[in-house]
Amino acid sequence: FFLAAPFAGVSAAEPDRTVLPIREPDRPAYTEIDASKAKAPPGFSVKAPAGAPNVVIVLIDDLGFGAASAFGGPIPTPTLDALAQDGLRYNNFHTTALCSPTRAALKSGRNHHTVNMGFITEMATGFPGNTGQIPDATAPLAEMLRLNGYSTAAFGKWHETAAWETSVSGPFDRWPTHQGFDKFYGFIGGETNQWAPYLYDGVTQVELPDDPKYHFMTDMTDKAVAWIEYQKAITPEKPFFVYFAPGATHAPHHVPREWIARWKGKFDQGWDTLREETLARQIKLGVVPAGTKLAPRADAIKDWDTLSADEKRLFARQAEVFAAFLDYTDHEIGRMLDAIRSTGQADNTLVFYIAGDNGTSGEGGENGMFNEYTYFNGVQEQ
């Protein structure tokens, strides 16, 4: 996998790509009435520039800067680490601090208010800049690539369609398959049950398999792997764009037990010690400057040593589950990238692995919560 300018060296013989869709050649006029003597013009189809790379964007949800090992965090992320080792590691990524706005800005190259995504889609209003309705005047990145000869697919979380446009009646203008993606497999809203998700394949609701071991993270990876392999088997010369956006590490933190078990006791030292250890690793890696001081702990967070034994057990367990969710997710991302390697396309693939559309969420308060939407609806959990 590499990082490079994707369309370098386009020849003068290339079609005009400054206006999309690319214009078809003028239709010739014929005076010959004998079809056996007439010669048909060359067939026309839009093809990507020679050597155009595959493009993959991986977007993790609600992951803080100090979590992944690639940035000094306590959670090993070997897939991210390998990409960082062979590529570039950025420590200054601007987000809008919310899911929908960051995603809409990322996939359009526009300010989030310009694309009417001033807040998450479930809390959109009728005011300009915050309607949750991406305007037709905005060209999505996926559509620009599709019209330049790419195959395009999105897997996982969408969260860019206004809540009142998510029914079977549409309109479907702001669903993934009308925003430049040939293929979509995932959930439309901000979160879903990872054991029993509410999914769509395109605009058709998915019937889940009767499998007690089912988990959406593995399912979406399986679908992405199959799509990549089929795409390269049928049209090996055609580049693809894959947007891979897991539900992790957003709520709900649903993780297979065997992955959680790996983290037993790994956070018993408590968050005060953990913060010091993380900063030391970040300084050593160079992702923060030498001499960086630890930020003051928020007033709402107690000194670990003052907590009761039950509180320590609860909070350590929550950290174990969160870590397991990222661990499991990074593993599945690696499986998706392995599918690209198996097609021989690794050296012609540009990968952006974004470790968080924003920082970790604070809706759970001090103790966490069972259902995040109790917070959004102003209902206190007892």
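The structure reproduced in this document is the subject of the present report. (Residues numbered from 1 in each chain as written. Predicted model: local features only at pLDDT ≥ 70, side-chain atom pairs only at ≥ 80, totals over all residues. Heavy atoms only, no water.)

**As for the pairing of strand E1 (residues 54-59)**
For a regular strand, side chains alternate in direction, first toward one face of the sheet and then toward the other. Counting buried positions along E1 yields six of six residues, so the element is predominantly enclosed. Along E1, one buried face is formed by Asn 54, Val 56 and Val 58 and the opposite face, lined by Val 55, Ile 57 and Leu 59, is buried too. Relative to strand E7 (residues 349-354), E1 runs parallel, the two sharing six bridges. Bridge pairing in E7 places Leu 59 opposite Ile 354. Summarising the sheet, E1 and strand E6 (residues 240-245) pair through four bridges and their orientation is parallel. In the sheet register, Val 58 faces E6, and the bridge partner there is Phe 244. (Buried < 20%, exposed > 50% of the residue type's maximum accessible area, 1.4 Å probe, protein only. Helix = DSSP H or I, 4+ residues; strand = E, 2+ residues; numbered from the N terminus. Pairing = 2+ DSSP bridges.)

**Topic: the sheet that holds strand E4 (residues 200-201)**
One open sheet accounts for seven strands, arranged E5-E4-E3-E2-E6-E1-E7; its pairing is mixed. Every other strand in the sheet has two partners, leaving strand E5 (204-205) and E7 as the edge strands with one partner each. Judged from the two bridges that link them, strand E3 (residues 183-187) and E4 form a sheet pairing that is antiparallel. Bridging across to E4, Gly 186 finds its partner in Tyr 200.

**Brief notes about the pattern of salt bridges**
Note on pairing: side chains with opposite charge can pair once their charged atoms come close. Across all of its chains, the model carries 15 salt bridges by this definition. For Arg 23, the salt bridge goes to Asp 26, with nearest N and O atoms at 2.7 Å. Assessed through its relative accessible area of 64%, Arg 23 is described here as exposed. Judged by relative accessible area, which is 59%, Asp 26 ranks as exposed. The residue Asp 338 makes a salt bridge to Arg 341 at a minimum N-O spacing of 2.6 Å. With Asp 338 and Arg 341 both in helix H7 (residues 309-342) and three residues apart, this pair spans about one turn of that helix. On the basis of relative accessible area, Arg 341 is assigned to the partly exposed category, the value being 42%. (Salt bridge = Lys/Arg side-chain N within 4 Å of Asp/Glu carboxyl O.)

**Side note on the nonpolar core**
Grouped together as the largest cluster of nonpolar side chains are 50 residues, with contacts concentrated most on Phe 155, Phe 244 and Met 336. Sort the elements by how many residues they give to this core and H7 lands first, with eleven residues. Apart from the residues lying within four places of it in its own chain, the contact partners of Met 336 are Val 56, Val 58, Thr 221, Ala 224, Val 225, Ile 228 and Phe 244. In this structure, Val 55, Ile 188, Tyr 243 and Ile 354 belong to the second largest nonpolar core, which totals 19 residues. (Core = buried A, V, L, I, M, F, W, Y, C linked by side-chain atoms within 4.5 Å. Contact = heavy atoms within 4.5 Å.)

**Let's talk about the environment of Glu 14**
With respect to the helices and strands, Glu 14 occurs in the segment before E1. When the C-alpha positions of Glu 14 and Pro 49 are compared, they lie 7.4 Å apart, and in sequence the two are 35 residues distant. Not counting residues within four places of it along the chain, the set of residues in contact with Glu 14 comprises Pro 49 and Ala 50.

**Brief notes about the packing of aromatic side chains**
This structure, assessed with the given rule, holds 15 aromatic pairs. Measuring from centroid to centroid gives 5.7 Å for Trp 263 and Phe 267, while their planes differ by 10 degrees, and the two rings are stacked. Given a relative accessible area of 6%, Phe 267 falls into the buried group. Ring geometry for Trp 271 against Trp 304: centres 5.0 Å apart, planes inclined by 75 degrees, an arrangement best described as edge-to-face. Of this pair, Trp 271 sits in helix H6 (residues 271-285) while Trp 304 sits in the loop between H6 and H7, placing them 33 residues apart in sequence. (Phe/Tyr/Trp six-rings, centres within 6.5 Å; stacked < 30°, edge-to-face > 60°.)

**Observations regarding empty space enclosed by the protein**
This structure, assessed with the given rule, holds one cavity of 30 Å³ or more. Of the voids in this model, the largest cavity is the one considered here, and its volume is about 80 Å³. Lining the largest cavity are 13 residues; nearest its centre among them are Lys 107, Ser 108, Pro 140, Glu 160 and Gln 179. (1 Å grid on protein atoms, 1.4 Å probe; cavity = no way out; pocket = protein on both sides within 12 Å on 5 of 7 lines; lining within 4 Å. Points joined across faces, edges and corners; volume = space filled by probe spheres on them.)

**With respect to unusual backbone geometry**
The omega torsion across Leu 20 and Pro 21 is -5 degrees, close enough to zero to call that bond cis. Here Pro 21 lies in the segment before E1. In this model, Ala 248 is joined to Thr 249 through a cis peptide bond whose omega is 0 degrees. Here Thr 249 is to be found in the loop between E6 and helix H5 (257-261).

**Considering the layout of surface pockets**
Put simply, the second largest pocket is a space of about 760 Å³. In this structure, the second largest pocket is lined by 30 residues; those nearest its centre are Phe 71, Tyr 90, Tyr 353, Ile 354 and Ala 355. Listed by contribution, the elements that provide at least two residues to the lining of the second largest pocket are helix H1 (78-86) and E7. Residue classes in the lining of the second largest pocket are distributed as 20 nonpolar, eight polar and two charged. (Nonpolar A, V, L, I, M, F, W, Y, C, P; charged D, E, K, R; others polar.)

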